[in-house]
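Here's the letter readout for the chains.
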Amino acid sequence: MSNDYFQEAFGYECIDDGKVLGKLGSDMEAQMFRALRKPNLWPIQNECLNYSEDDFFDVIELLHDWISKPIDGFEHKWNDCGWHYNIFDKELGQKEFRDKINEIISEYKDGYELSEIGEILERGEQGLETLFEANLPNDDRENIEKRIEAANLKFRRYRSSLNDRRDAIRDLADVLEFLKPRIKKVITSKDESDLFNIANNFGIRHHNERQKTDFDQAIWYSWMFYFYLATIHACLRLIKKADADKSSNSDCL
């Protein structure tokens, strides 16, 4: 990916006009410090070998914000000055940037990905990653889909703490609580009780002396999160099937 993809943000050098400023102005080091509150990150080609993992991910997210694909302009042929663009497509540039970056960071450690909104996220556990992409069979965007999406982001952000992950599990448990009246109609009362046992008794939704907290949180929070996410998907499908069967039986009467 060429530097032309950053002309809109950074500007360019012209033999005739000198430094032509982009939208970010003349002091890129100050712009990067203002965005990330970190010194010694610019210029990237000089400082990148000293980046920490946190710096590396921060800069990727920032470049995603700044990039845009050059669409139209003119070629300044004098002394091979190069292309000077004035029309850009930000969304297309960001998509191409994500595709390139994800080829690299998907192989880093347990695997990461740059999301459509420009955040570095952990990839899903092997065999469970499709849960993040599967459609939810429901008709309640506000109380179900948005809450699940928020929980997914909270859990998968590369900076997520154990507290963040516990909160994400609690958010999923709250979605199940919202669905509880409809869940009761498609599963047994014992199964319903088991669904909420983890959240209610392992320090997720309550804080009291009866809570079980003597477990490896880093390991078990991951299991709990995927358990609740998969359970929501399963329950929504059971509810949809039951509604469809009820509608079908009603039509036959």
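About the cut-offs
- Residues numbered from 1 in each chain as written.
- Predicted model: local features only at pLDDT ≥ 70, side-chain atom pairs only at ≥ 80, totals over all residues.
- Heavy atoms only, no water.
- Axes fitted to C-alpha atoms, helices over the stretch in contact; angles between N-to-C directions.
- Helix = DSSP H or I, 4+ residues; strand = E, 2+ residues; numbered from the N terminus.
- Parallel < 35°, antiparallel > 145°, perpendicular 65-115°, else oblique.
- Left-handed = near helix turned anticlockwise from the far one by under 90°.
- Contact = heavy atoms within 4.5 Å.
- Nonpolar A, V, L, I, M, F, W, Y, C, P; charged D, E, K, R; others polar.
- Salt bridge = Lys/Arg side-chain N within 4 Å of Asp/Glu carboxyl O.
- Buried < 20%, exposed > 50% of the residue type's maximum accessible area, 1.4 Å probe, protein only.

Chemist: Even after reading the chapter, I still don't get the packing of helix α2 (residues 28-36) against helix α4 (residues 53-66), so can you show me in this structure?
Modeler: Axis angle and axis distance: for two packed helices, these are the angle between their axes and the distance between the axes, and together they describe the pair. The contact between α2 and α4 brings their axes to 11 Å, and the two run at 110 degrees. In terms of their interaxial angle, α2 and α4 are classed as roughly perpendicular. Like other packed secondary-structure pairs, α2 and α4 cross with a definite hand, here right-handed. Contacts between α2 and α4 pair M28, Q31, M32, A35 and L36 from the former with D58, V59, L62 and W66 from the latter. For the contact of α2 with α4, the per-class residue count stands at seven nonpolar, one polar and one charged.

Chemist: What's the story with the pattern of salt bridges in this structure? I'm lost.
Modeler: When the charged atoms of two side chains with opposite charge come close together, those side chains can pair. What the rule picks out here adds up to 17 salt bridges. With a closest N to O distance of 3.0 Å, K23 and E8 form a salt bridge. Taken together, the positions of K23 in the loop between β2 (18-21) and α2 and E8 in helix α1 (residues 7-10) put the pair 15 residues apart, joining distant regions of the chain. Put simply, D58 and K38 hold a salt bridge, and the shortest N to O gap is 2.7 Å. Separated by 20 residues along the polypeptide, D58 in helix α4 and K38 in the loop between α2 and α3 (44-47) bring together distant segments of the chain. With respect to burial, D58 and K38 carry one shared label: buried. Here the salt bridges do not stand alone but share partners, grouping K38, D54, D55, D58 and R159 into one network.

As far as function goes, none of this settles anything; it's purely spatial.
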